[in-house]
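# Notes for the structure review
So the chains spell out like this:
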Amino acid sequence: QVVAKRHTPRSLALLDAPVVSLTAYTAPMAKLMDPHCDLLLVGDSLGMVVYGMDSTLAVTTEMMIAHGQAVVRGSQKACVAIDLPFGSYQKSPQQAFETAAEVMARTGAGCVKLEGGIEMAETIQFLTQRGIPVIGHIGLKPQAVHAHGGFRMLGRGTEAEQIMADAKAVADAGAFAVVIESTLEPVARAITEALPIITIGIGASPACGGQVLVGEDMLGLFTDFTPRFVKRFGNLAAEVDRAVADYAAAVRSRQFPGPEQCVGLVKKD
Ligand code: KIV
Ligand code: NA
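Quick notes on the rules
- Residues numbered from 1 in each chain as written.
- Chains lettered and ligands numbered in written order.
- Predicted model: local features only at pLDDT ≥ 70, side-chain atom pairs only at ≥ 80, totals over all residues.
- UniProt positions renumbered as here; feature names shortened; annotations may be inferred.
- Pairing = 2+ DSSP bridges.
- Helix = DSSP H or I, 4+ residues; strand = E, 2+ residues; numbered from the N terminus.
- Axes fitted to C-alpha atoms, helices over the stretch in contact; angles between N-to-C directions.
- Buried ≥ 20, exposed ≤ 12 C-beta atoms within 10 Å, placed from the backbone.
- Core = buried A, V, L, I, M, F, W, Y, C linked by C-beta atoms within 7 Å.
- Contact = placed C-beta atoms within 7 Å.

- The protein goes by 3-methyl-2-oxobutanoate hydroxymethyltransferase in an unreviewed UniProt entry, where it is assigned to Acetobacter orientalis.
- According to UniProt, the comment filed for the protein under the heading Function (unreviewed entry) is "Catalyzes the reversible reaction in which hydroxymethyl group from 5,10-methylenetetrahydrofolate is transferred onto alpha-ketoisovalerate to form ketopantoate."

As structure tokens, then:
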């Protein structure tokens, strides 16, 4: 059996088509997504999507490692990126290196992602010079949701120059890619045209060099809140509701388990 070689940051950079990426948090979902995706991102959005938190701030490195291990086990072909969670890298380049090295060593992921622009450039350089491929994350940074004043579109007025400067700092620091979140099209376009690294958009227009969505959002499985930039390619919430309702009805009416699911059934008459 020929096992497909896994994408690396380097092979992603050589793709001549848009980078296809989704978030994945579990092995079975990673297994389903892997054949179709170039990059699987174990996002700290799992705090909201999987754990029901109302922001990503309480996500821990241990949670990221546990889910990162699951996604690496469940995938063969996609490059796996793991988010560094809030508080695990902002203090110093040394703190970031320790967290990133532990995440890489314990999961087998190909790279890490961290939020921040100019203020994180020194840290990104510290990691990339020590062999850790880094994806930056600019525009809307969910770990800075309180500073942003909520989840909103960025890129108007002076924000445009700020985000462009952040992109440039992240690229100069050696990141091989950057996620641009919730940012107006002209800004995302200008960044993509100006910089040699891969831009991966989420709510940042088709101008980006790749796209990422939260898997549960695009599958219609996480429906608490749907930003305008999400397109639902499926309606799994409705399918789960139907299946669970059918199961409940079958148990209550004693139709399940039926003879096929029953071992050692003694037939009457
Ligand atoms: O945590 C996450 O899911 C992310 C992506 C949306 C880029 O950072
Ligand atoms: Na994230």
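### Focus: the sheet that holds strand 2 (residues 39-42)
- Within the closed barrel, the eight strands sit side by side as 1-2-3-4-5-6-7-8. Their pairing is parallel. Within the sheet, the average angular offset between the axes of one strand and its neighbour, ignoring direction, is 25°.
- Inspection of the sheet shows strand 3 (residues 79-83) paired to strand 4 (residues 111-113) by three bridges, in the parallel sense. Looking across to strand 4, one finds that A81 is bridged to C111.

### Observations concerning the pairing of strand 1 (residues 19-23)
- For strand 1, a buried count of four out of five residues is recorded, marking the element as mostly surrounded by other parts of the structure.
- Relative to strand 8 (residues 210-213), strand 1 runs parallel, the two being bridged by four bridges. Note that in strand 8 the partner of V19 across the bridge is G210.
- Bridge count between strand 1 and strand 2: three bridges; the pairing is parallel. The partner of L22 across the bridge, within strand 2, is L40.

### Notes on unusual backbone geometry
- For the bond from F256 to P257, the omega torsion is -5°, close enough to zero to count as cis.
- Its location among the elements puts P257 in the segment after helix 11 (236-252).
- Unusually for a residue other than glycine, S205 sits at a positive phi of about 80°.
- Secondary-structure assignment places S205 in the loop between strand 7 (198-202) and strand 8.

### Points about the nonpolar core
- Core analysis: the biggest nonpolar cluster contains 68 residues, and L40, V80, A81, V170, A175 and V178 have the highest contact counts within it.
- The leading source of residues in this core is helix 8 (residues 158-172), at five residues.
- Those residues in contact with A81 that sit more than four places away from it in its chain are L39, L41, V42, A109, G110, C111, V112, K113 and I135.

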